[in-house]
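The chain contents come next:
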Amino acid sequence: MEEKRLFAKKDPVSENMAIDMERIPHHIAIIMDGNGRWAQKRHLPRVAGHKQGMQTVKTITIAASNLGVKVLTLYAFSTENWKRPSSEVNYLMQLPIRFFSTFVPDLVKNNVRVMVMGDIQRLPAKTQQAVNDAVADTANCDGMVLNFALNYGSRDEITRAVQEVAAAVQAGTISPEAIDEELVSQHLMTAPLGEFADPDLLIRTSGEERISNFLLWQLAYSELEFVPEHWPDFDAESLKRAIIEFQGRHRRFGGLKNE
């Protein structure tokens, strides 16, 4: 199909596909899909795909930071991923430890701050420690935010927000009439991102075209791009190509094109 041909890796970004640096999406969210399929195509165990995918995270983080992206949110582990084989889950729980142990100095060098959203209390203690250390070690960085969705599910996030708002109503600190979109947003896990809480662009790799319980509230007016590359094959050129596609669209937010 023509749409998929546009994103094929064999078509390099050229001078005819220049990025407008004045219109870089502030917040890019990525569903990093296809690690297992990448490995299976090469007759490797699925964990080999996750290992290579970790290197892609490093590549895309630096590329996004260099382009001036304000927030890069990566769907690293969902609340549904616990259903996978225990050996794979155990390996995935080790990845944050390996990732941060080698990459935090580069994050600091590039002025990138780590944030994490999700129920990290359920993660193994060593994984929690690695995550918390990375957040602390990069706390003084004021460049791009690298926001990991770790043990995250959007329905869980919205449920928790509703519970918090209901508790406030029950306590009498707010009235039901005071509940609006802004108040709900303030109780979501993306609230610390402030004006950049909602992604401008969502990218999902590996050709699948679904949201998979990711940022359901925040994606209301995001541009969605589904690209064929498996995550380990996604690179800086792929990111540029996705941004160029984004820049060719007209975001109307429910209004008219010329408004």
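Each value, and the rule that gives it
- Residues numbered from 1 in each chain as written.
- Predicted model: local features only at pLDDT ≥ 70, side-chain atom pairs only at ≥ 80, totals over all residues.
- Heavy atoms only, no water.
- Phe/Tyr/Trp six-rings, centres within 6.5 Å; stacked < 30°, edge-to-face > 60°.
- Buried < 20%, exposed > 50% of the residue type's maximum accessible area, 1.4 Å probe, protein only.
- pLDDT = per-residue confidence, 0-100.
- Contact = heavy atoms within 4.5 Å.
- Helix = DSSP H or I, 4+ residues; strand = E, 2+ residues; numbered from the N terminus.
- Polar contact = N/O pair within 3.5 Å; in protein donor to acceptor, adjacent residues only side chain to side chain.

Draft legend 1. Structural view of the packing of aromatic side chains. Under the counting rule described, the total for this entry stands at nine aromatic pairs. Between the aromatic rings of W231 and F234, the centroid separation amounts to 5.5 Å while the plane-to-plane angle is 20 degrees, which identifies the pairing as stacked. Under the relative-accessibility criterion, W231 is labelled buried at 1%. In textbook terms, an aromatic cluster arises when at least three aromatic residues are bridged by ring pairs, as seen for F99, F100, F103 and F148.

Draft legend 2. Summary view of the confidence of the model for the protein. Considering every residue of the protein, the mean pLDDT works out to 92; 90% of them sit at 70 or more. Every residue in residues 1-15 is under pLDDT 50, and counting partners more than four places away or in other chains gives 29 contacts.

Draft legend 3. Spatial organisation of the side chain of T56. Secondary-structure assignment places T56 in helix α3 (residues 46-67). Within the structure, the side chain of T56 is placed 3.3 Å from the backbone oxygen of P232, a separation counted as a polar contact. Not counting residues up to four positions away in its chain, the partners in contact with T56 are W231, P232 and F234.

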